[in-house]
Amino acid sequence: MERTCGLLTLKNEPVPLKSVSVELSVQGFVADVSSTLQYENQESSPVEAVFVFPMESDSAVYRFQAQIGGVLIEAEVREKQEARDEYDDAVSSGQQAFLLEESDESSDVFRLSVGSLPPGQSASVSLSYVTELAVQEDGALRFCLPGVLNPRYTPAGGMSMTASAPAAPGGFVPYSLSLSANIRSPSGIDTVQSNCPLDPLEHLTEDKTEAKVNLSPGHKFDRDVELLVYYKNAHQPTTILEAGLPSATPGSLMADAVAMLSFYPEFPVAVLSSLSSCGEFIFLVDRSGSMDCPMSTGTGEMQRIKSARDTLLLLLKSLPLGCYFNIYGFGSTFESFFPDSVEYTQETMDSAVEKVKTMEADLGGTEILEPLKEIYRKPCRDGHPRQLFVFTDGEVGNTKEVTDLVKINALSHRCFTFGIGEGASSSLIKGMAREGSGHPQFITGTDRMQPKVMQSLRFALQPAVHDISVKWDLPPAVNASPLSPPLKVLFQGQRALLYIQLTGQCDSGAAGSVNLQYTLADASVKNELKFNFKPDKDSGLTIHRLGARTLIRSLEGEEREKEEDEERKALKKKAIELSTQSGVSCSHTAFIGVNKDSKEPVQGPLQRRNIPTARMYGYAMPMCAMACSAPMMFDRCSALEMLDTCCYMSDSYEYGEADTVIMKSEGDGVSEEDLCDAGRNSVEVDTYTIHAAEPEEDPMLQLISLQRANGSWDLDQKLASVLGKTEEEIASKMPGEVPNNELWATVLALLWLYGFKLDSKDEWQFLAMKAVSWIKGHKGLSVTQCMQVGNTLLGCQVEPQTLGL
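The present account deals with the structure reproduced in this document. Starting from 1, residues in each chain are numbered consecutively following that chain's sequence as written. Predicted model: local features are reported for residues with pLDDT of at least 70 only, side-chain atom pairs are reported and counted for 80 or more only, and whole-chain, interface and lining totals are derived from all residues. Excluded from the side-chain calculations are hydrogens and water; all other atoms, namely the structure's heavy atoms, are used.

1. Structural notes on the packing of helix H3 (residues 304–318) against helix H4 (residues 346–357)
Each pair of packed helices gets described by two things: the angle between the helix axes and the distance between those axes. Our working definition: Throughout, an axis means a line fitted to C-alpha atoms (over the contacting stretch in the case of helices), and angles, computed between N-to-C directions, take values from 0 to 180 degrees. Only DSSP runs of H or I with at least four residues qualify as helices, and only runs of E with at least two residues qualify as strands; both kinds are numbered from the N terminus onward. Each angle is binned into one of four classes, with values under 35 degrees roughly parallel, values over 145 roughly antiparallel, values of 65 to 115 roughly perpendicular, and all other values oblique. Only heavy atoms enter the contact rule, under which two residues are in contact if any of them lie within 4.5 Å. Any residue outside Ala, Val, Leu, Ile, Met, Phe, Trp, Tyr, Cys, Pro, Asp, Glu, Lys and Arg is labelled polar, Gly included; the first ten of those are nonpolar and the last four are charged.
The N-to-C vectors of H3 and H4 enclose an angle of 175 degrees; their axes lie 10 Å apart at closest approach. Here H3 lies roughly antiparallel to H4, going by the angle between them. Between H3 and H4, the contacting residues are Arg309, Leu312, Leu313, Leu316 and Lys317 on the first element and Met349, Ala352, Val353, Val356 and Lys357 on the second. Here the residues of the contact of H3 with H4 are counted per class, giving seven nonpolar, no polar and three charged.

Below is the structure:
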């Protein structure tokens, strides 16, 4: 039945937040970020401005201050409820107050409240944090300033901080962003790339060890801002030692020296080439309605679900014969292709490929917990280590519950995660991979998902590292206490970080070393890192803050694991003490600042203004309408705002209460009374499927789709069409000594990939290895003559050694 929707946007009220200015200081692979938000109250009444915004989950927020009327207010870290009470008391008495708190559900969402801003008054609010930069497959260091906050799906009965965050009407963010980055690296800075327009990179020294770059003027904060920093000879094992604060309490973390150790394991070539043919591969794919959105805010971008389908096809063709596999789709409900994992054969692969082709974003909300429980309930197969691949746009409200479940089952599998599109929760994607001893990947902007997925498949197929240990050689009076949890996983070329608290005294000229030891493919490996005790002069307290954040996260995780109240209370108390001592906020604390110098209380009724944020839903109307056949359960405000950005504009609308969005529908739609009933926490929303025209299929994907499970190709018209020939023409050119059509077709398919798609080798390397292995199984084939004829036929020049033949 066709239904037309009427959209109600936010009330047409002035937005107090006018601009965001960011100063970024990158030293090596650590970033120190200072964000300044400019507020202005242009209304006739005092306002309370509330801004819910995303942040990288690994960030350590260490400073929060505000300036209003020439007065600088430095906020302090307090226990969260205590900070909230002080804020409420201040605002209710007419004092100006500022509160910054982390979401209870997810460490990558924060809420900033600016209370009692008088009419005509301006305020400047600044927050500072430090974070590590992730290493990408091509060696780049990735910094992300999240700007997109999509509503997090919350199971019935749950609540989410994102529910109070309205979407920017029509996708237009009413505040601007400026960003300047100063970068330093002893190895030299090669280049900086971004998904947003940048001014030219300016090197500040002749040896190119320092540079600066700015975001081009006029940028609206309507997308995640990503910087990719490329160093020369960058990724070497390093140690950074930071002296403690003389004024800190003796024996505390801030008083002692802290070291950050950075390892980059290099595995032997023989190990890297010995890929396993065993394993149980489970692919868990998000099929919620938001997966119908485009990958990024650009025009003509591929839908997330289409990219996931293409990637699954590539994965199915790349799996080794003899392994087991299954595919799950999840939304409000979940379903699997097979009741249990099945052996990878031609028959099961064909069945899975056909089902993948029909996959749509039609399963409702993003409820990942139940399918995970179902997967973990299934017994593992002897001799086939379980490898779980999770594809999601990360719009999950119960993040900590999900990551805790992965941690409980960590010994039974490895978990590789892929955050799809802008706004994917970094807390969910990184947390699941960390607890599941896997590797996280983010696919945004114009990124192709396939190369990143293939990198993770390569990690999954390589032998796992076992028996990881760290051995210290330190001066007699010095002891090392780890702040990081024990290393559970190592991958080739991927950084492994450890934070260490060093107690005791020694001469600054003293030296020490640390050995990272592990077992790989039955061989014992040792990586040694030497360092001296001379503190780094330029790091400030960066390493202390990152170390404190790491230890606090571990304490929070332990707290959730405990069943006894007394144990939980003790761990919570310890986390709060460390948070307040270090000045780094956590889920149990918040920053609170009150302007106690104000002589006159602010008069008049206080108006609350929720600051809108960018959302992916606003960019692809109507394509990103929630395409689902099953109803979804959302926090009612979240559901309303989602409909605001997903449905067509219409004259049939009215305003709801306090920044909520009411949708009216012709027919049996949801009423305002149903949605805004204060007694309900959730609302069931019917949604609609809107299909966009499918783009023309990529020839490379067409070729890949034709490969058989054993690695070969059949000689037929479909293959001939991809190769740009007729089936008769190809058959007539087959050398006489080639025993069958399949061998000839497989050689031609490999020649086409190497001759015309070499720049995409990361995507098809595993299926090519299967094809080469299959060819080698046929004795008596004259490979050189066969390839000469094939090169002439296709118009390419590929040598036999290039194919490994």
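Read on for the rest.
2. A closer look at the pattern of salt bridges
Filter applied, for reference: A pair is scored as a salt bridge if a Lys or Arg side-chain nitrogen falls within 4 Å of a carboxyl oxygen belonging to Asp or Glu. Relative accessible area decides the class of each residue, using a 1.4 Å probe on protein chains only: under 20% of the type maximum gives buried, over 50% gives exposed, and in between gives partly exposed.
Within this structure, the stated rule accounts for 29 salt bridges. Residue glutamate 335 is joined to arginine 287 by a salt bridge in which the shortest nitrogen-to-oxygen separation is 2.8 Å. Of this pair, glutamate 335 sits in strand S23 (residues 334–336) while arginine 287 sits in the loop between strand S21 (280–286) and H3, and the two are 48 residues apart along the sequence. You can call arginine 287 buried: its relative accessible area is 6%. A salt bridge links aspartate 714 to arginine 708; the shortest N-O distance between them is 3.7 Å. For arginine 708, a relative accessible area of 28% gives the class partly exposed.

3. Some words on the pairing of strand S12 (residues 141–145)
We apply this condition: Only when DSSP finds a minimum of two bridges between them are two strands counted as paired.
The element S12 is largely enclosed, with a buried count of five among its five residues. Note that strand S11 (residues 134–135) and S12 share two bridges and pair antiparallel. Bridging across to S12, valine 135 finds its partner in leucine 141. Hairpin connection between S11 and S12: a loop of five residues separates the two successive antiparallel strands, and glycine 139 in this loop has a positive phi of roughly 95 degrees. Note: S12 against strand S18 (residues 225–231), five bridges, orientation antiparallel. What sits directly across from leucine 145, in S18, is valine 225.

4. With respect to the layout of surface pockets
Just so we agree on the cut-off: Lining residues are defined by having an atom within 4 Å of a point belonging to a cavity or pocket. Those points lie on a 1 Å grid over the protein atoms alone, cavities being sets where a 1.4 Å probe fits but cannot get out and pockets being open sets with protein on both sides within 12 Å along at least five of seven lines. Grid points are joined across faces, edges and corners, and a volume is the space filled by probe spheres set on the points.
Considering only enclosed or pocket space, the largest pocket measures out at about 1,600 Å³ in volume. Lining the largest pocket are 50 residues, with Asp58, Glu132, Lys430, Ala433 and Arg434 sitting closest to its centre. Elements supplying a minimum of two residues to the lining of the largest pocket: S11, helix H6 (399–408), helix H7 (426–435), strand S27 (440–443), strand S30 (496–503) and helix H9 (542–561). Sorting elements by how many residues they give to the lining of the largest pocket places H9 first, with eight residues. Classifying every residue of the lining of the largest pocket gives 16 nonpolar, 17 polar and 17 charged.

5. Points about a negative patch on the surface
In plain terms, the rule: A patch consists of residues whose relative accessible area exceeds 30% and which take part in no salt bridge; residues with like charges are grouped when within 9 Å of each other, and nonpolar side chains (Val, Leu, Ile, Met, Phe, Trp, Tyr) when within 5 Å. The method behind every accessible area is Shrake-Rupley, applied with a 1.4 Å probe, and residues are considered shielded solely by the protein chains displayed. Within this scheme the basic residues Lys and Arg register as positive and the acidic residues Asp and Glu register as negative, but His and the chain ends are omitted. A single reference atom marks each charge: NZ on Lys, CZ on Arg, CG on Asp, CD on Glu.
On the surface, a cluster of negative charge is made up of Glu563, Glu564, Glu566 and Glu567. As for its position among the elements, glutamate 563 is in the loop between H9 and helix H10 (565–582).

6. Considerations on the sheet that holds strand S14 (residues 189–194)
Taken together, the four strands give an open sheet; going across it, the order is S11-S12-S18-S14, and neighbouring strands pair in antiparallel fashion. Only two strands of the sheet have a single neighbouring strand rather than two, namely S11 and S14.

7. What about the pairing of S21?
Of all seven residues in S21, seven are buried; the element is thus mostly enclosed. Residues Glu280, Ile282, Leu284 and Asp286 point to one face of S21 and Phe281, Phe283 and Val285 to the other, with burial holding for every one of them. Across seven bridges, the pairing between S21 and strand S22 (residues 324–330) is parallel. Across the sheet, the residue bridging to leucine 284 is tyrosine 328, located in S22. Where S21 meets strand S25 (residues 386–392), six bridges bridge the pair, whose relative direction is parallel. Each bridged residue has a counterpart across the sheet, and for leucine 284 the counterpart in S25 is valine 390.

8. Quick look at the sheet that holds strand S20 (residues 257–263)
A sheet is described by the order of its strands in space; here four strands give the open sequence S19-S20-S30-S29, paired in antiparallel fashion. Each of the sheet's edge strands pairs with one partner strand only, and the pair in question is strand S19 (238–242) and strand S29 (479–482). Averaged over all adjacent pairs, the angle separating strand axes in this sheet is 25 degrees, with direction ignored. The sheet contact formed by S29 and S30 spans four bridges and is antiparallel. Along S30, the bridge assignment pairs alanine 480 with leucine 502.

9. Side note on the packing of aromatic side chains
How we decide: Ring pairs shown here join Phe, Tyr and Trp side chains whose ring centres sit within 6.5 Å, with only the six-membered ring taken for Trp; geometry is labelled stacked below 30 degrees between planes, edge-to-face above 60, and tilted in between. Throughout this description, the term charge over a ring refers to an Arg CZ or Lys NZ atom that lies within 6 Å of the ring centre and within 35 degrees of the ring normal.
Inspection of every chain in the model, using the stated rule, returns 16 aromatic pairs. Judged by centre distance (4.8 Å) and plane angle (75 degrees), the rings of tyrosine 754 and tryptophan 764 are edge-to-face. Residue tyrosine 754 is located in helix H16 (residues 741–756), and its partner tryptophan 764 is located in helix H17 (residues 761–776); the two are separated by ten residues in the primary sequence. Across the pair, tryptophan 764 and tyrosine 754 agree in class, each one buried. Among the aromatic residues, those joined into a cluster by ring pairs are Phe283, Phe389, Phe391, Phe416, Phe418, Phe459 and Phe491. It is lysine 355 that lies over the ring of phenylalanine 338; its NZ or CZ is 4.9 Å from the centre. Above the plane of the ring of tyrosine 62 lies arginine 545, whose end atom (NZ or CZ) is 3.7 Å from the centre.

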